[in-house]
Amino acid sequence: MKRPTKLIVILLSLIMLLTSCGKQEPGKPAVTEAPASATQSSEEAAETAAVPTEEVVEVVYAPAGKDNLIVAGKTEPTALDPATSNQVTNFMIMNLFYDRLVYMTNDGAIEPMLAKSWEWIDDLTLRVHLRDDALFHNGTKLTSEDVVYSIQRACEMPVSKSTFSSFDGPNTVAVDEYTVDIKVKEPSATALTVLTHGRGNIVSKQLMEEVGSDVYGLAPVGTGKFKFVEWVPGDHITMTRNDDYWGDKPAFKDLTIRFVTEDASRAIELETGAVDVSLQIGANDIDRLTADKNLKTYVIPSSQVTLFQITQLNFDTLDDVRVREAMHLALDLDAIIKTAYRGQAMVATSLLPPGTFGYTELGPSPYDPEKAKALIAESGFDTKQVITLTIVANDTIATAVAEMAQNMWKAVGLNVEIVSVDRATMTTNNNKALNLMCYTQTTTIGFNPETALLMWERPTNGYHNDPEIYKMLAGVKNILDDNARQAEYHKILKYLWDTHIVIPIAVPNMNYGTAAYIQNFPASPANMPDFSLVTFTPAK
């Protein structure tokens, strides 16, 4: 049966983004529509959700009795243990199962979650007062012991310890059943911000110690708005509303997130009504979906920067900075944006997206193939060497970007070979520094620069072997004055840019599509929408 028709399109101009960034308050998002906050009621969310730029021409009603939301996502999570997760998809889904002590709104404000209140009782001690009505999904009460355990574990686990590097896990203690003293190693301006990260989600101490990370990560138990039901590998995750949740509850009962890797397939699933929401709509599909009166589309600048990342730990192929700079200069980024991204992006001008605290405009790098050739000749680089570029298979944009870059590098004498792997292999190999070069992206969560720069803090990942970078990134967290900290970020970003260890390419749009009856969809620049805020137009 054909669905009712309505067209609502949200298009945020990238030109407006660029012209407004200079006036933006540090730490504020570079988007004009902010997702509703994580603890808002459905009525409050309706007032703060994205406002369409075109008038509604027809009321569209949800199917009678609809009490579930079906989402098509691009990637499958690897695991849902907060301390072992390193993908945006993991965090998006984990945040539905778990709660953090505090959360960050899209405008950079830090708000209470499991913490009712907090205060610094001295320079190194953050005292947190917990709510006393939060239950884990297995029925046990959350107490200070769970919080202490979660923070200490985050300080120790290989993946999460860089995020919590400024925290003093061993000396973090429970004061009483609902009070925790969280210790930091030095005075910190960013401790609360770190606690908003997905790795700051609180787990059950008792259950984690009983079953271990592998089991817990496949069947998560948190205090969040949804309870885990099932995970069918390669297909979907299903969850159901937590009716014992301490705060406002979702307006619908069941949520299923399906894993649909190919962009075209996610678009078709939305067009045919098989799903209610489709994430990361491809550049090839967004115009068609926008013209479909059955759907709504949301197009916003993302908080991601796509880039070519070069690994130095296990390879010396690209150790000479002149060769890396030549690879940057050889790229016609405007042409890549126009063709590979179909205009659905802007050229990256920094390692961070505009609007991020500390953002510094450093580029774009000029397109200068003649200078690239001269640098390669000056370096004495053996142009017969094969430079391997790894991309994720079946990613249409990655393939298009890689193929265009390959031809541009060939034009300056470099021999680049493209290797396609599945996403899990890409992630594993990146974590072990086994990819000489890959096409990837960084995501700035809450427009906090630390989240995008974490990759530079992990020596085992092998992005670089420069002790000065580790020193600068550790030191900036301890600068309490905002202006001084921002100035230090400017210095750090310039230093990193000049290494050419990463070659920033684009700040892509984040495109979403929903059925027309979906209301209050919280379009997220980081691809982390909080589905618990979604409502439906009531059935007629």
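That block above? That's the structure.
Residues numbered from 1 in each chain as written. Predicted model: local features only at pLDDT ≥ 70, side-chain atom pairs only at ≥ 80, totals over all residues. Heavy atoms only, no water.

**Q** Mind showing me how you'd approach the overall build of the protein chain here?
**A** Scanning the protein chain from terminus to terminus reveals 16 helices and 21 strands. Summarising the internal contacts of the protein chain: among those between residues at least 6 apart in sequence, 72% fall at separations of at least 24. (Helix = DSSP H or I, 4+ residues; strand = E, 2+ residues; numbered from the N terminus. Contact = heavy atoms within 4.5 Å.)

**Q** Looking at this model, I keep getting lost on the pattern of salt bridges. Mind explaining?
**A** Once their charged atoms are close, side chains differing in charge can pair, the charge on each being opposite to the other. Scanning the model with the defined rule gives 18 salt bridges in all. The closest approach of N and O atoms between glutamate 271 and arginine 288, which form a salt bridge, is 2.9 Å. One end of the pair, glutamate 271, is in helix H7 (residues 263-271); the other, arginine 288, is in helix H8 (residues 286-290), with 17 residues separating them in the sequence. On the basis of relative accessibility, which here comes to 38%, the residue arginine 288 falls in the partly exposed class. Look at the salt bridges and you will find they share partners, linking Lys74, Asp263, Arg266, Asp395 and Arg423 into a network. (Salt bridge = Lys/Arg side-chain N within 4 Å of Asp/Glu carboxyl O. Buried < 20%, exposed > 50% of the residue type's maximum accessible area, 1.4 Å probe, protein only.)

**Q** I tried to follow the environment of asparagine 90 on my own but got confused; where do I start?
**A** Within the secondary structure layout, asparagine 90 lies in helix H3 (residues 88-97). Overall, the relative accessible area of 0% leaves asparagine 90 in the buried class. Through-space distance from the C-alpha of asparagine 90 to that of threonine 78 is 6.9 Å; in sequence the pair is twelve residues apart. Once residues lying within four places of it in the same chain are set aside, the contact partners of asparagine 90 are Pro77, Thr78, Ala79, Leu80 and Ser85.

**Q** Looking at this model, I keep getting lost on the side chain of histidine 500. Mind explaining?
**A** Here histidine 500 is to be found in the loop between helix H16 (482-499) and strand E19 (502-515). Filtering out sequence-adjacent residues up to four positions away, histidine 500 remains in contact with Ile310, Val321, Arg324, Glu325 and His328.

**Q** What is the right way to read H7 from this model?
**A** The α-helix winds at 3.6 residues per turn, so residues separated by three or four positions along the chain end up facing the same way. For H7, the full list of buried residues reads Asp263, Arg266, Ala267, Glu269 and Leu270. For H7, the angular spread of buried residues about the axis comes to 160°, placing them on one side. A positive backbone phi angle near 85° is found at glycine 273, which sits one or two residues after H7. (Arc of directions from axis to C-beta.)

**Q** I tried to follow the environment of leucine 69 on my own but got confused; where do I start?
**A** Looking at the secondary structure, you find leucine 69 in strand E2 (residues 68-73). Separated by 185 residues in the primary sequence, leucine 69 and aspartate 254 place their C-alpha atoms 6.4 Å from one another. Not counting chain neighbours up to four residues away, the residues in contact with leucine 69 comprise Phe252, Asp254, Leu255, Thr256, Asp276, Val277, Ile518, Phe531, Val534 and Phe536.

**Q** Quick question: what am I supposed to make of the pairing of E2 here?
**A** In the case of a regular strand, side chains alternate between the two sheet surfaces. Alignment of E2 against strand E11 (residues 254-259), held across six bridges, turns out to be parallel. Residue pairing for E11: glycine 73 is matched across the bridge by phenylalanine 259. When E2 meets strand E12 (residues 277-278), the two strands line up parallel, connected through two bridges. Each residue of the ladder has a partner; that of valine 71, found in E12, is valine 277. (Pairing = 2+ DSSP bridges.)

**Q** What am I meant to see in the packing of helix H9 (residues 321-329) against helix H11 (residues 369-379) here?
**A** Working note: a packed helix pair is described by the angle between its axes plus the distance between those axes. Where H9 contacts H11, the axes come no closer than 8 Å and their chain directions differ by 165°. Comparing the axis directions of H9 and H11 gives the class roughly antiparallel. The handedness of the crossing between H9 and H11 is left-handed. Of H11, the residues touching H9 (which contributes Arg322, Val323, Glu325, Ala326 and Leu329) are Pro369, Lys371, Ala372, Leu375, Ile376, Glu378 and Ser379. Its residues assigned to classes, the contact of H9 with H11 comprises seven nonpolar, one polar and four charged. (Axes fitted to C-alpha atoms, helices over the stretch in contact; angles between N-to-C directions. Parallel < 35°, antiparallel > 145°, perpendicular 65-115°, else oblique. Left-handed = near helix turned anticlockwise from the far one by under 90°. Nonpolar A, V, L, I, M, F, W, Y, C, P; charged D, E, K, R; others polar.)

**Q** Can you walk me through the packing of aromatic side chains in this structure?
**A** The geometry of an aromatic ring pair comes down to the distance between the two centres and the angle between the two planes. In the structure shown here, the tally under the stated rule is eleven aromatic pairs. Taking the centre distance of 4.8 Å and the plane angle of 35° together, the rings of tyrosine 245 and tryptophan 246 count as tilted. Its relative accessible area of 16% is what places tryptophan 246 among the buried residues. Note on tyrosine 517 and phenylalanine 536: the rings are 6.3 Å apart at their centroids and 80° apart in plane angle, and the pair reads as edge-to-face. Here the residue tyrosine 517 occupies a position in the loop between E19 and strand E20 (518-519), and phenylalanine 536 occupies one in strand E21 (residues 535-536), the gap between them amounting to 19 residues. Here the aromatic cluster, defined as three or more aromatic residues joined through ring pairs, consists of Phe226, Phe252, Tyr517 and Phe536. Sitting above the plane of the phenylalanine 536 ring, lysine 66 keeps its charged end 5.5 Å from the centroid. (Phe/Tyr/Trp six-rings, centres within 6.5 Å; stacked < 30°, edge-to-face > 60°. Lys NZ or Arg CZ within 6 Å of the ring centre and 35° of its normal.)

**Q** Explain the nonpolar core here, please?
**A** Nonpolar side chains in soluble globular proteins tend to end up buried together. Counting 74 residues, the largest nonpolar core has Leu69, Leu101, Leu195, Leu255, Phe521 and Phe531 as the members making the most contacts within it. A total of seven residues in this core trace back to one element, the largest contributor, which is H3. Contact partners of leucine 101, with chain neighbours within four places excluded, come to Pro112, Met113, Leu114, Ala115, Val128, Leu130, Val147, Ile151, Ile182, Leu195 and Ile202. If you look at the next biggest cluster of nonpolar residues, it comprises 39 residues, including Phe308, Ala326, Met327 and Ile505. (Core = buried A, V, L, I, M, F, W, Y, C linked by side-chain atoms within 4.5 Å.)

**Q** Which parts of the structure should I look at to understand empty space enclosed by the protein?
**A** Using a probe with the size of a water molecule, rolled over the atoms, empty space left in the structure can be pinpointed. With the rule as written, the count across this model stands at eight cavities of 30 Å³ or more. For the largest cavity, the lining is made up of 46 residues, of which Val88, Thr440, Gln441, Thr442 and Thr443 are closest to its centre. Of all the elements in the fold, those that place two or more residues in the lining of the largest cavity are H3, strand E14 (304-310), helix H12 (396-411), helix H13 (423-431), strand E18 (437-443), helix H14 (449-453) and E19. A class-by-class count of the residues in the lining of the largest cavity yields 17 nonpolar, 23 polar and six charged. (1 Å grid on protein atoms, 1.4 Å probe; cavity = no way out; pocket = protein on both sides within 12 Å on 5 of 7 lines; lining within 4 Å. Points joined across faces, edges and corners; volume = space filled by probe spheres on them.)

**Q** Mind showing me how you'd approach unusual backbone geometry here?
**A** Across the chain, the bulk of peptide bonds are trans and the bulk of non-glycine residues have phi less than zero. Following glycine 363, the chain continues to proline 364 via a peptide bond in cis, the omega torsion being 5°. Within the element layout of this structure, proline 364 appears in the loop between strand E15 (345-347) and H11. Backbone geometry places asparagine 527, a non-glycine residue, at a positive phi of 60°. Topologically, asparagine 527 is positioned in the loop between E20 and E21.

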